[in-house]
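# Chain and residue survey
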Amino acid sequence: MRIINILAFYENNKKSLLFLWLVPIVYLLLFGSTYKSEVVEHIPTVIYDQDQSSNSRVLISCINDVEKYKIVAYAQNEATMNEILASGDALLAVEIPTGFSQDLKNGKSPSVMVITDASNLMFHNAVMSSMGQIVQTFSAAAGQKLLEAGNQLPTQSLHTVAPLTLSVRIINNPEISYNNFMLLGLGLNGLQIALIILLTPIFMPYLHNKNKISFIFKNSFRKMILPYWLCSILIFLSLPYLAHIFYNVHCIAKPFDIMLLGSAFCLALIAISSFFSAISPNAVNALQTPLLYIMPGLLFSGLSWPSYAMNDTSLLLAKAMPLYYTGDELRKLILAGSSSNLLHNVIALYIMATIFFILAFIILKIRLTMIKRKEVTS
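The structure reproduced in this document is the subject of the present report.

### Topic: empty space enclosed by the protein
Picture a little ball the size of a water molecule; that probe, rolled over the atoms, points out where space is still empty. What the rule picks out here adds up to 2 cavities of 30 Å³ or more. Computed from the structure, the largest cavity encloses a volume of approximately 40 Å³. Forming the walls of the largest cavity are Asn180, Phe181, Met182, Leu183, Leu184, Gly185, Leu303, Gly327, Arg331 and Ile334. Listed by contribution, the elements that provide at least two residues to the lining of the largest cavity are helix 8 (178-199) and helix 13 (322-336). Of all the elements, helix 8 adds the most residues to the lining of the largest cavity, at 6 residues. Class assignment of the residues belonging to the lining of the largest cavity gives a composition of 6 nonpolar, 3 polar and 1 charged.

Structural data, given as C-alpha cells:
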C-alpha cells in the first residue's frame, strides 16, 4: 500500500520531480563550465624592465610563454607601473633592476621584484607558485650557461649556482587575509537575498483589485520601493565599517564612493525584484523563482573566480547580475581606497535598474489588460 502511495505521489508531482532533477544538474554544468580551466590563467601583467638586456628579455619571454600570465603593458618608469596596478589594468607587476644582466655574469644573484595584488587570493596564490618555478628554471639555465663557460661540467654547474632571487611585495591585502578577500562579498550576497525575498511580492496585492498601472507603480514606490531603497543604502554603507570593527577588515574607502555604489546596487536589485513580481503568477512563485537567479550570483561576481578567467558564456551570465558590478568593486574601494571603474559600474547598475523597471512596467500592463479582458468575457 505504501509503495502504491509513493508511486501515486510521483505520478501527481511530475513537474516538481523534474524541477528537482534539473536544477542541480543545470547548476553542476553551469559551474563546471566556469571552472573548466581548473586554474586561473591570463593574469594581466605589467613589465618594468630597467635593464633592457638580452638576459632580461629572455626572462620576460619565459613569463610570456606561460599561459598563466598575459602581459598587458610595458612600463617605462616606476610611476607608470604603479599607475597601471592602481587602475586595475594589471594585477601583477614584474620589475627587473638595472644591472640585472651584468650581475648575472658576475655571480651576484640579482633580485627580481614581483608586486602582486592580493585582494583576490585566487590569483595571488597562483602567482606565488608559478613565478617561483619560472625563476628556478631561468636560474638553472642561466647558471648552467655561465658556469659551463668557466669550464665546469653541466651537472656540477647546476649544483653550484642559483643566480636569480625573487622578491615579493604584496599590495591591497598585505596580510593575505581571507576576511579582506571574501567577507564583504558574503555580506552583499545576504543583502541581495534579503531585498529580493522582501520585494518580489510587491505587485501581488494590486493585481486583482482593478487598479490602474500608474496607481500601482506610484503606490508601490511610495510604500515599498523608496523606503526599502533608502534603508538598504544605509545597510550597504554600514557593512564595510562593521567588518572593520568586528573582523579588522581594511576600509580606506571614501563614504561617498561606497554610498554611490550602494545606491546603484540596491536600486538594481529592487528593479529585478519588481520584474520577478510582474512575471510571477502568485506570491509563492514570486518568492521561489528569483532564487534560481540569485543563487549563482556569488560565483559570477568575480569575488572568488576572477572575471578575466571566465569563459564567454559565464561572463555573459555574470554581466546580468548586479553583484558582478559591485562585489569586486567594493573590495577595491575598501582595500585600495579608489577604483578607476567605479563610475562605469555605477552607470551599468543604473542602466540595469532602468531596463528591469521598464520590463516590469510593460509585463504588468499586459497582465492587467489580460485580467480585464478575462473579466469582461466571463
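Once the structure has been displayed, the description carries forward.
### Digging into helix 11 (residues 283-294)
The first and last C-alpha atoms of helix 11 sit 18 Å apart over 12 residues, in line with the 16 Å expected at 1.5 Å per residue. Those residues of helix 11 not exposed but buried are Ala286, Pro290, Tyr293 and Ile294. Seen end-on, helix 11 carries its buried residues on one side only, within an arc spanning 80 degrees. Of the surrounding elements, those touching the buried residues of helix 11 are helix 8, helix 10 (255-279) and helix 13.

### Focus on the pattern of salt bridges
Opposite charge on two side chains permits pairing when their charged atoms draw close. Applying the stated rule across the entire model yields 2 salt bridges. Two residues, arginine 331 and aspartate 328, come together in a salt bridge whose shortest N-O distance is 2.8 Å. In this pair, arginine 331 and aspartate 328 both sit in helix 13, 3 residues apart, roughly one turn of the helix. With a shortest N-O distance of 4.0 Å, aspartate 328 and lysine 332 are connected by a salt bridge. Note that aspartate 328 and lysine 332 are positioned in helix 13 at a spacing of 4 residues, about one turn of the helix. Take lysine 332: its relative accessible area is 24%, and that puts it in the partly exposed class.

Thresholds applied
- Think of each chain on its own: its residues are numbered from 1, step by step along the sequence as written.
- In keeping with the predicted nature of the model, local features appear solely for residues at pLDDT of at least 70, side-chain atom pairs appear and are counted solely at 80 or more, and the whole-chain, interface and lining totals rest on all residues.
- Note that water and hydrogens are dropped before the side-chain values are worked out from all heavy atoms of the structure.
- Using only the protein atoms, space was sampled on a 1 Å grid; points where a 1.4 Å probe fits but cannot get out form cavities, open sets with protein on both sides within 12 Å along at least five of seven lines form pockets, and lining residues are those with an atom within 4 Å of a point.
- Grid points are joined across faces, edges and corners, and a volume is the space filled by probe spheres set on the points.
- What counts as a helix is a DSSP run of H or I of at least four residues, what counts as a strand is a run of E of at least two, and both are numbered from the N terminus.
- Gly falls in the polar group here, along with every residue not listed as nonpolar (Ala, Val, Leu, Ile, Met, Phe, Trp, Tyr, Cys, Pro) or charged (Asp, Glu, Lys, Arg).
- Here the expected length of a helix is defined as 1.5 Å per residue gap, with one fewer gap than residues.
- Working definition: with a 1.4 Å probe on protein chains only, accessible area under 20% of the residue-type maximum means buried, over 50% means exposed, and in between means partly exposed.
- The arc in question is the one spanned by the directions pointing from the helix axis to the C-beta atoms.
- Residues count as neighbours in contact if any of their non-hydrogen atoms are within 4.5 Å of one another.
- A side-chain nitrogen of Lys or Arg and a carboxyl oxygen of Asp or Glu constitute a salt bridge if their distance falls within 4 Å.

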